[in-house]
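# Close look at the chain arrangement
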Amino acid sequence: MDLVGTLEGLSQGRMALGEIIDGLWKRIEEVEPRIKAFLSLASPEDLKRAGEGLADKPLRGVPIAVKDNISTVGFTTTCGSRFLERFRPVFDATAVERLRAAGAQVQGKTNMDEFAMGSSTEHSAFGPTRNPHDPERVPGGSSGGSAAAVAAGEALAALGSDTGGSVRQPAALCGVVGLRPTYGLVSRWGLVAFASSLDQIGPITRSVRDCALILSIIAGHDPRDSTSLPAEPRDYTAELEGGIADWVFGLPREYASPELGAEALSLIDRWTSLIEELGGRVVEISLPLTEYALPAYYLIASAEASANLARFDGVRYTASVPGETVREMIAASRTFGFGREVKRRIMLGTFALSAGYYDRYYGKAQRVRTLIAREFADAFREVDIIFGPTSPTPAFRLGEKADPISMYLSDIFTLPSALAGVPAISIPGGRIGGLPFGLQLIAPRLQEGKLLRAAYALEQALP
Ligand code: GLN
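Just so it is clear, the structure is predicted and the values come from calculations on it, not from any experiment. (Residues numbered from 1 in each chain as written. Predicted model: local features only at pLDDT ≥ 70, side-chain atom pairs only at ≥ 80, totals over all residues. Heavy atoms only, no water.)

### Digging into the overall build of the chain
Tallying secondary structure elements over the chain gives 15 helices and 11 strands in all. Against the globule reference of 23 Å for 463 residues, the chain gives a C-alpha radius of gyration of 21 Å, in line with a compact fold. Expressed as lengths along the three principal axes of its C-alpha atoms, the size of the chain is roughly 70 × 55 × 45 Å. When burial is assessed residue by residue, the chain has 61% of its 463 residues classed as buried. Contacts in the chain between residues far apart in sequence, at least 24 positions, make up 74% of those at least 6 positions apart. Surface exposure of the chain reaches about 17600 Å², of which carbon and sulfur atoms provide 54%. On the chain, the mean spot of the 48 positive side-chain charges and the mean spot of the 54 negative ones are 4 Å from each other. (Helix = DSSP H or I, 4+ residues; strand = E, 2+ residues; numbered from the N terminus. Rg over C-alpha atoms; globule rule 2.2 N^0.38 Å. Buried < 20%, exposed > 50% of the residue type's maximum accessible area, 1.4 Å probe, protein only. Contact = heavy atoms within 4.5 Å. Areas by Shrake-Rupley, 256 points an atom, 1.4 Å probe, with all protein chains shown as cover. Lys, Arg positive; Asp, Glu negative; His and termini not counted. Charge placed at Lys NZ, Arg CZ, Asp CG, Glu CD.)

Okay, structure coming up:
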C-alpha cells in the first residue's frame, strides 16, 4: 500500500498507526539483515507513542525514511562517511522540518554512497545496500538505501537527494518512483552540500500520488537557502487527474540509442504506444549535447565538492586523527575519513579549479552547461514533456562496475536535466530480465504539476 492509501485507511479508522508501524518493523526484521537499507532506525515504541499526538495532522504520525545526508535532530547524519560517523546535527533540514510539521516522523536514516558520490551505494563506508529484487545486485545510488527501503516494504516513503541522478537512478533500479524537483524548489538548508549548484532533495515513493503529496509539503521558498526560488506552496495532488490528451512528448534520439539493446528499445516502443493510446503525440527530437553532459557534470560537481568538503578537516564536526602539526593533523584526518571515490573527486575538482587549468576545464564545463540548459529550453518550445529511459541498464551486480568511468556512465540520461536545472521523474516502466527498468519524464522548469500529471497517467496505464 502506498502512503496516500495508508493515510486514507488511518483517516477512515480502518487501520491504526500502531499496526502500520508494526507491519513496517515486521518487514524490517525479515529483510533488513539482507538488504541493509538503514544506517539508523527510530524505536517503533517511540514512534507509536509520539504518533498519538499527531493523529490530527495531515500525515497522521506516519514514519518516513530520510537519506543520511539530510540533517535530522535525534539521529546521526553520517553521509555514509567514517568522517561523520558520530555527527549529530542540532537542527532539522527544512524538508524534514516541514514533514514533521505536517505530522510525519523520521523513521530512520538510509544508507548512501559517501557524500552522495556514486551510483550503486557501494561507496558507503558502512557497507553496501542490496537490491530487494536480487540481493546480488546494487540498488543504484547514491540514495540506494531510500530506494531499497521503499521497494522492500520497509518504509512507506523516503527522502533522497539528486545531484546528477541520485533519486531517479536508484528509484529506477529498485522499481519505485523518484522525483528530482526544479533546482531551487525544495530548500537545501540542512542537506550536506556535495555540489551546491546541482543538489536537490526529492521524494522516493511507491506511487506518483505519494510523490505529489510529499513534494507539496517540502516545496516552497526558504529564506535560509539563498538559491531557494520564490515559489508559493501548491497542492500537486490536485493536479494529477486530467490526462495527457493532445500533449506532445519528445523522445530524444540520443536517449533511444541502439546501444541500449533490444529489450530496452522494445520498452521504449511500448511507452510510445501507451502515450498515443492516452491521446498524446510522440515526436522524435534531438539533444545533441547529451554526450557532453557527463564530462561537464564531473568537472562542475567535483569542483564544487572540492570546495564544499574543505570544511571536513578533523577540527570541526568530524573524526580527528592527531598529528605533530596542524597540517599533519588535517592530512591524517582527511586520509582516514574520506573513502577512495571522495578523494578522487576532491583531487579532480581541485585540479579543475587550479590556476592555469581553471578556464580550460572548469570554465569550459560551465559554458557547456549553459548550452545544455539552452538546448532543453529550445526543445520545450516544441514539446510538453521529454521522455526516455532513466538509466541505460537495469540493476547491475555488486562489484561489476569497478572502474569509475563505467560507474559514471549509469547517469548519462539523468545528468543533462540536472545540469539544466529542470524537473524529472522516474517511474517503473517495465522489466528487463525480471528486473525493473525506469521510465524517465522531464518537464520545463517549475512544471512539476504537468510532470506529475504525465507520470500519473502513464503509471495508471502501465501494468
Ligand atoms: N552518480 C552521480 C555521481 O556520482 C550522481 C550522484 C548524485 O546525484 N548525488 O556524482
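### Comments concerning the pattern of salt bridges
All chains considered together, the criterion is met by 22 salt bridges. By sharing partners, the salt bridges in this structure join Asp2, Glu8 and Arg209 into a single network. (Salt bridge = Lys/Arg side-chain N within 4 Å of Asp/Glu carboxyl O.)

### Some remarks on the layout of surface pockets
By volume, the largest pocket is sized at about 310 Å³. Forming the walls of the largest pocket are 14 residues, and the residues nearest its centre are Glu254, Ser257, Glu259, Ile412 and Phe413. Split by residue class, the lining of the largest pocket holds 8 nonpolar, 3 polar and 3 charged. (1 Å grid on protein atoms, 1.4 Å probe; cavity = no way out; pocket = protein on both sides within 12 Å on 5 of 7 lines; lining within 4 Å. Points joined across faces, edges and corners; volume = space filled by probe spheres on them. Nonpolar A, V, L, I, M, F, W, Y, C, P; charged D, E, K, R; others polar.)

### Quick notes on the sheet that holds strand S9 (residues 385–389)
Strand order across the open sheet formed by 11 strands is S1-S3-S2-S4-S6-S5-S10-S11-S9-S7-S8, with mixed pairing between neighbours. Across the chains shown, the open sheet's two edge strands, defined by having one partner strand only, are strand S1 (38–41) and strand S8 (281–285). Pairs of neighbouring strands in the sheet enclose a mean axial angle of 30°, with direction left out of account. The pairing of strand S4 (residues 157–162) with strand S6 (residues 200–205) spans 6 bridges and is antiparallel. For Ser161, the partnering residue across the bridge sits in S6 and is Ile201. Most of the contacts of helix H4 (residues 94–101) go to S4, to which it runs at about 160°, and overall it touches strand S2 (63–67), strand S3 (105–110), S4 and S6. Against the sheet, helix H5 (residues 144–151) engages S1, S2, S3, S4 and S6, with an angle of about 155° to S4. (Pairing = 2+ DSSP bridges. Axes fitted to C-alpha atoms, helices over the stretch in contact; angles between N-to-C directions.)

### Focus on the site of the ligand
Looking at the ligand, there are 15 residues lining it, with Gly164, Ser166, Tyr297, Arg345 and Asp411 nearest. Contacts to the ligand include Ser119, whose side-chain N or O atom sits 2.9 Å from a nitrogen atom. In this structure, a nitrogen atom belonging to the ligand sits 2.7 Å away from a side-chain N or O atom of Asp411. When isolated, the ligand has an accessible area of 290 Å², and the protein chains bury 100% of it. In a pocket analysis with a 2 Å cut-off to the grid points, the ligand is assigned to the largest cavity. (Near = heavy atom within 4 Å. Polar contact = N/O pair within 3.5 Å; in protein donor to acceptor, adjacent residues only side chain to side chain. Sits in = over half its atoms within 2 Å of the grid points.)

### A look at the pairing of strand S7 (residues 248–252)
The element S7 is extensively covered by neighbouring structure, given that 5 of its 5 residues are classed as buried. Residues Val248, Gly250 and Pro252 line one face of S7 and the alternating positions Phe249 and Leu251 line the opposite face, and both faces are buried. Between the parallel pair S7 and S8, the chain is carried across by helix H8 (residues 262–277), and the sense of this crossover is right-handed. Bridge count for S7 against S9 is 2 bridges, and the pairing is parallel. (Right-handed = clockwise from strand over helix to strand, strands pointing away.)

### Quick look at the packing of aromatic side chains
Counting across every chain of the model gives 17 aromatic pairs. When the centroid spacing of 4.9 Å and the interplanar angle of 90° are considered together, the rings of Phe83 and Phe338 count as edge-to-face. Of this pair, Phe83 sits in the loop between S2 and H4 while Phe338 sits in the loop between helix H10 (326–337) and helix H11 (340–353), and the two are 255 residues apart along the sequence. There is no split in this pair, since Phe83 and Phe338 are both buried. Aromatic side chains Tyr297 and Tyr298 sit 4.8 Å apart centroid to centroid with 85° between the ring planes, which places their arrangement in the edge-to-face category. (Phe/Tyr/Trp six-rings, centres within 6.5 Å; stacked < 30°, edge-to-face > 60°.)

### Quick look at empty space enclosed by the protein
What the rule picks out here adds up to 2 cavities of 30 Å³ or more. Counted as a void, the largest cavity has a volume near 80 Å³. Forming the boundary of the largest cavity are 14 residues, of which Ala116, Gly118, Ser166, Tyr297 and Asp411 lie nearest the centre. A per-class count over the lining of the largest cavity returns 5 nonpolar, 7 polar and 2 charged. Considered as a void within the structure, the second largest cavity measures approximately 40 Å³ in volume. In terms of lining residues, the second largest cavity is bounded by Ile64, Val66, Val96, Leu99, Arg100, Gln105, Val106 and Leu159. Mapped by element, the contributors of at least two residues to the lining of the second largest cavity are S2, H4 and S3. At 3 residues, the largest contribution of residues to the lining of the second largest cavity is made by H4. The residue inventory of the lining of the second largest cavity, partitioned by class, reads 6 nonpolar, 1 polar and 1 charged.

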